[in-house]
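For reference, the chains in residue letters:
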Amino acid sequence: MSESAGEPGAETTGGPGEERNRAGAGGPDRAVAVADEDGAAGPKPDRAGPKARTGDGKARWYRPLTVVTDACGIGVPLAAALEADGQDVPVIGGLVGAGVWAVIRTLRRRYAAQRLGESWGVLAAVRDWVLLAGVLALALILSDVQNGPRPTLALASLMPGLALTATVAPVTRLHLNRQRRQARAVRRALVVGEPTAVDHVVGRLAARTDHPYVVVGVVPVGFQSLGCGMPAPGRLAAFPADLTQDADVVLRAVEASEADVALVAPGPLMAGERLRHVSWALHGAGLQLAVVPGLTEVAQARVRPTSAAGLTLLQVAPPAQEGGQPWLKSLLDRAGATVGLILLAPLFGALAVAVRCSSPGPVFHRQTRCGLGGGPFTMWKFRTMVVDAEARRAELARAGANQHDGHMFKMRRDPRVTRLGGALRRLSLDELPQLFNVLRGDMSLIGPRPPLPEEVARYNRTELRRLSVKPGMTGLWQVSGRSDLSWDETVALDLWYVDNWSVATDVEIMTRTLRAVVDGRGAY
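Residues numbered from 1 in each chain as written. Predicted model: local features only at pLDDT ≥ 70, side-chain atom pairs only at ≥ 80, totals over all residues. Heavy atoms only, no water.

Colleague: Where do I start with the overall build of the protein chain in this structure?
Modeller: For the protein chain, the count of helices and strands is 19 helices and 12 strands. Here the protein chain holds 524 residues, and 49% of them are scored as buried. Of all intrachain contacts in the protein chain linking residues separated by at least 6 positions in sequence, the fraction that spans at least 24 positions is 73%. As displayed, the protein chain offers around 24,800 Å² of accessible surface, 60% of which is attributable to carbon and sulfur atoms. (Helix = DSSP H or I, 4+ residues; strand = E, 2+ residues; numbered from the N terminus. Buried < 20%, exposed > 50% of the residue type's maximum accessible area, 1.4 Å probe, protein only. Contact = heavy atoms within 4.5 Å. Areas by Shrake-Rupley, 256 points an atom, 1.4 Å probe, with all protein chains shown as cover.)

Here it is as structure tokens:
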């Protein structure tokens, strides 16, 4: 198992902002089992019982729902369009279209139990749909059918299928996330490695609920003490006299903890032939082995395994900061901002009148923020505070009213926010004028939160990396809890985005933004 965050990419799972196990998220059942005073393991995850499940305890209805939706979404509209166009045997045409769609999805492993519910699937659906359209168009040309269906009509009839497929994947994803917060649809993992590495892996897995692993025990290598508090049903010697002893210890530990998979963190004391013998033992017992290479916050799409001289290598692609993706991102930003400004013009007018009438002061609030590389720019928002809000901020800060643990100033019930301003903030409507910033090129539709100059002045070297991309109107920060996040969580989300962003990532985040806006969590 690569300890990569796996944020949206070609086939990636959610990134660090997906589901974080903060302050009781998921309850005690999802937390790792911790040894009690008697050394017994604490709360254990659900063992996937007799209920109908498939693929690591996932609900059985994932695959039937996906298959039926795919077939009906393509077959029914296509048959209806062919009948309306006066074609012969429209039902046959619909069945052919649905069959081709099912074959494409099957060949690309969209129905594999291991993949169902593991990603938002919007970009995957779009890529499959483009392939379907190409295959059907090629078949129509090669068949040389006289008076065949109009291409535009046939293409339009495929759109409902794309919409349905792109809807079902997020539904299963959300359901799976909910199940995993309740310790369902998870795999019991035994972590093997040197104590420092074991503590790191256990801590990372315990902090999040967007993955299928719950740690039920550890097997440390050597005699250094553990800090994670996990039960250790076995311990490996630092320098064993016989490598077969390792296999016996690990297998006994797997049996004692009832683990489903072993996660091995390689190190100086656990590598090479030693790791090889452990893998033989696990596989011989019908158990799975995953190796944690030590990479953190690296999206799955950037990692490619390769080999050289008998060594297994993981090639990590650099962030997509050059080439076609940045150009495409800029094009989508300008196009999206232009379309948004045109479509939202009536709403802009209504909000401007409401802000002007609700409290004294200007309609817009202008503020200097730091953009790409730390360069200053003027950011626009609808005014949500009283006119002397900036002056009163210093007083509130001196009074210790800041409820955020980092460089940002945040109050859950800020007295400077007007009544209308509170509603605008909850629905993120105050940020709509930032479309002008996107159109000017100061901001992007997706990116880290634009910081204030005084915040940037206090950044350390790691935090300054947040400024390596343009700030965005929305991003992982907004879809993951906004002001409810700690400063460290906010920085981690932004750094993940800087290192792993892609156009596919941006599309996935945009699809999650609507849910975050409707939910309103952390918006104050």
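Colleague: Looking at this structure, I do not really get the confidence of the model for the protein chain. What am I missing?
Modeller: Do not read the fine detail of predicted coordinates wherever pLDDT is low. Looking at the protein chain, the pLDDT average stands at 81 and 82% of residues meet or exceed 70. Looking across the protein chain, the model is least confident in strand S1 (residues 53-54), with a mean pLDDT of 38, and most confident in helix H14 (residues 434-440), with 96. Across residues 1-14, confidence stays below pLDDT 50; counting only partners more than four residues off in sequence or on other chains, it has 73 contacts. Residue range residues 21-54 is modelled with pLDDT below 50. Its contacts to residues more than four positions away, or to other chains, number 77 contacts. (pLDDT = per-residue confidence, 0-100.)

Colleague: Looking at this structure, I do not really get the nonpolar core. What am I missing?
Modeller: For soluble globular proteins, nonpolar side chains are generally found buried alongside one another. Ranked by internal contacts, the top residues of the largest apolar core, which has 32 residues, are Phe382, Leu435, Leu476 and Tyr497. When residues of this core are traced back to their parent elements, those giving at least two are helix H10 (324-343), helix H11 (345-358), strand S10 (376-382), H14, strand S11 (444-446), helix H17 (476-479), helix H18 (487-500) and helix H19 (503-519). Once residues within four sequence positions are removed from consideration, Phe382 is found in contact with Phe348, Leu351, Ala352, Val355, Val363, Phe364, His365, Leu424, Leu429, Asp430, Leu432 and Pro433. Of all hydrophobic cores here, the second largest spans 18 residues; its members include Val219, Val254, Ala259 and Leu275. (Core = buried A, V, L, I, M, F, W, Y, C linked by side-chain atoms within 4.5 Å.)

Colleague: What should I look at first to understand the packing of aromatic side chains in this one?
Modeller: Here the distance between the centres and the angle between the planes together describe a pair of aromatic rings. What the rule picks out here adds up to 6 aromatic pairs. When the centroid spacing of 4.7 Å and the interplanar angle of 85° are considered together, the rings of Trp61 and Tyr62 count as edge-to-face. Residue classification places Trp61 among the partly exposed residues on the basis of a relative accessible area of 37%. Plain terms: the ring middles of Tyr459 and Trp487 are 6.0 Å apart, the flat faces sit at 40° to each other, and that makes the pair tilted. (Phe/Tyr/Trp six-rings, centres within 6.5 Å; stacked < 30°, edge-to-face > 60°.)

Colleague: When you look at H18 in this model, what are you seeing that I'm missing?
Modeller: Three or four residues apart is the spacing at which side chains of an α-helix point the same way, because the helix has 3.6 residues per turn. In a regular helix each residue adds 1.5 Å, so 14 residues correspond to 20 Å; H18 covers 20 Å between its end C-alpha atoms and thus fits that length. What H18 keeps buried is the set Trp487, Glu489, Thr490, Val491, Leu493, Asp494, Leu495, Trp496, Tyr497, Val498 and Asn500. (Expected span 1.5 Å × (residues − 1).)

Colleague: Help me understand unusual backbone geometry in this model?
Modeller: The phi angle of most residues is negative, glycine excepted, and most peptide bonds adopt the trans form. Notably, Arg109 is not glycine yet its phi reads approximately 60°, a positive angle. Considering the arrangement of structural elements, one finds Arg109 in the loop between helix H3 (90-107) and helix H4 (122-143). Positive phi outside glycine occurs at Ala309, with the angle close to 55°. Turning to its location among the elements, Ala309 is positioned in the loop between strand S7 (303-308) and strand S8 (311-316).

Colleague: Looking at this model, I keep getting lost on the pattern of salt bridges. Mind explaining?
Modeller: If charged atoms from side chains of opposite charge come close, those side chains can pair. Under the defined criterion, the tally for this structure stands at 15 salt bridges. In this structure, Asp210 and Arg208 form a salt bridge, with 2.9 Å as the shortest nitrogen-oxygen distance. The class for Arg208 is buried, based on a relative accessible area of 12%. With its nearest N and O atoms 3.3 Å apart, the salt bridge here joins Lys381 to Asp430. Remark: Asp430 occurs in the loop between helix H13 (419-426) and H14 and Lys381 occurs in strand S10; sequence separation between them is 49 residues. Of the two residues, Lys381 and Asp430, neither departs from the other in class, the shared state being buried. (Salt bridge = Lys/Arg side-chain N within 4 Å of Asp/Glu carboxyl O.)

Colleague: I'm lost on the sheet that holds strand S3 (residues 187-193) in this one. Help?
Modeller: By way of backbone hydrogen bonds, the strands of a sheet pair with one another, either parallel or antiparallel. The 4 strands lie next to each other as S4-S3-S5-S6, forming an open sheet whose pairing is parallel. Each edge of the sheet is formed by a strand with only one pairing partner; in this case those strands are strand S4 (213-220) and strand S6 (288-291). Neighbour-to-neighbour, the strand axes of this sheet turn through a mean angle of 30°, independent of strand direction. Pairing analysis gives 4 bridges linking strand S5 (residues 261-265) to S6, with the strands arranged parallel. (Pairing = 2+ DSSP bridges. Axes fitted to C-alpha atoms, helices over the stretch in contact; angles between N-to-C directions.)

Colleague: What should I look at first to understand the pairing of S8 in this one?
Modeller: On a regular strand, each side chain points to the face opposite its neighbour's, so the side chains alternate between the two faces of the sheet. Note that S7 and S8 share 6 bridges and pair antiparallel. In the sheet register, Arg304 faces S8, and the bridge partner there is Gln315. Where S7 hands over to S8, the hairpin turn is made up of 2 residues, of which Ala309 adopts a positive phi near 55°.

Colleague: What's the story with the environment of Gly222 in this structure? I'm lost.
Modeller: Topologically, Gly222 is positioned in the loop between S4 and helix H8 (243-257). The residues touching Gly222, leaving out its near neighbours within four places in the chain, are Arg235, Leu236, Ala237 and Ala238.

Colleague: Would you mind showing me how to read the packing of helix H2 (residues 62-84) against helix H6 (residues 159-181) here?
Modeller: Two measures define how a pair of helices packs: the angle their axes make with one another and the distance between the axes. Packing of H2 against H6 leaves a shortest axis separation of 8 Å and a crossing angle of 165°. With respect to H6, the element H2 is oriented roughly antiparallel. Along this stretch, H2 crosses H6, giving a crossing that reads as right-handed. Seen from H2, the contacting residues are Tyr62, Leu65, Thr66, Thr69, Asp70, Gly73, Ile74 and Pro77; seen from H6, they are Pro160, Gly161, Leu164, Thr165, Val168, Thr172, His175 and Leu176. Split into classes, the residues belonging to the contact of H2 with H6 amount to 8 nonpolar, 7 polar and 1 charged. (Parallel < 35°, antiparallel > 145°, perpendicular 65-115°, else oblique. Left-handed = near helix turned anticlockwise from the far one by under 90°. Nonpolar A, V, L, I, M, F, W, Y, C, P; charged D, E, K, R; others polar.)

Colleague: Would you mind going over the pairing of strand S9 (residues 364-370) with me for this structure?
Modeller: As paired strands, S9 and S10 are joined by 7 bridges and run antiparallel to one another. Note on S10: the bridge partner recorded for Gln367 is Met379. Hairpin remark: S9 followed by S10, antiparallel, with 5 residues in the connecting loop; positive phi at Gly373, about 70°.

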